[in-house]
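Letter by letter, the chains look like this.
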Amino acid sequence: MPSVINNNCVKCGACAAICPVSAMHISDSQYVIDPDTCIDCGACIAECPQSAICNDAEASEEAIKFNAEQAKVCPSAND
Ligand code: SF4
Ligand code: SF4
């Protein structure tokens, strides 16, 4: 049950700074989370000033798909 970022993200980078497994990637429009890397610690959810992150049980199908697809092709936020 990975966390998912929606399009309220303003690319501030706060989530990537605290993720213990470097799961964030940077797409053109927003940050996304690689569902295969996220360990579901929940730390980023509280960190986001835009409340743009939630568990995938509460995320839209569109956001889940976008995060999974973009995480595979976009650069890591921690490189
Ligand atoms: S903390 Fe929130 S607004 Fe900032 S980059 Fe992460 S998801 Fe986007
Ligand atoms: S829930 Fe934890 S492991 Fe998953 S992206 Fe957020 S900070 Fe990283």
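Quantities reported herein were computed from a predicted structural model and do not represent experimental measurements.

Trainee: I'd like a rundown of the site of ligand 2, residues and numbers included.
Mentor: In the vicinity of ligand 2 lie 13 residues, with Cys-19, Cys-38, Cys-41, Gly-42 and Cys-44 positioned nearest. Its residues assigned to classes, the shell around ligand 2 shows ten nonpolar, two polar and one charged.

Trainee: Tell me what's going on with helix α3 (residues 61-73), and back it up with residues and numbers.
Mentor: Helix length check: α3, at 13 residues, gives a terminal C-alpha distance of 19 Å against a target of 18 Å (1.5 Å per residue), a fit within 8%. Every buried residue of α3 is listed here: Ala-63, Asn-67 and Ala-71. Looking down the long axis of α3, one finds its buried residues gathered within 55° of arc, a one-sided arrangement. α3 presents Glu-61, Glu-62, Lys-65 and Val-73 as exposed residues on the side facing more than 90 degrees away from its buried surface. Against β1 (3-5), β2 (24-26) and β3 (31-33) lie the buried residues of α3.

Trainee: Help me get a handle on the pattern of salt bridges, residues and values and all.
Mentor: Oppositely charged side chains may form a pair once their charged atoms are brought near each other. Applying the stated rule across the entire model yields three salt bridges. Between Asp-34 and Lys-72 there is a salt bridge, with its nearest N and O atoms 3.1 Å apart. A residue pair is termed long-range when its members are at least 10 positions apart, and Asp-34 in the loop between β3 and α2 (43-47) and Lys-72 in helix α3 qualify at 38 residues. Two residues, Glu-69 and Lys-65, come together in a salt bridge whose shortest N-O distance is 3.4 Å. Of the two residues, Glu-69 and Lys-65 both sit in helix α3, four residues apart, roughly one turn of that helix. The network of salt bridges with shared partners includes Asp-34, Asp-36 and Lys-72.

Reading the values: the criteria
- Residues numbered from 1 in each chain as written.
- Chains lettered and ligands numbered in written order.
- Predicted model: local features only at pLDDT ≥ 70, side-chain atom pairs only at ≥ 80, totals over all residues.
- Heavy atoms only, no water.
- Near = heavy atom within 4 Å.
- Nonpolar A, V, L, I, M, F, W, Y, C, P; charged D, E, K, R; others polar.
- Helix = DSSP H or I, 4+ residues; strand = E, 2+ residues; numbered from the N terminus.
- Expected span 1.5 Å × (residues − 1).
- Buried < 20%, exposed > 50% of the residue type's maximum accessible area, 1.4 Å probe, protein only.
- Arc of directions from axis to C-beta.
- Contact = heavy atoms within 4.5 Å.
- Salt bridge = Lys/Arg side-chain N within 4 Å of Asp/Glu carboxyl O.

Purely geometric numbers; function is a separate question.
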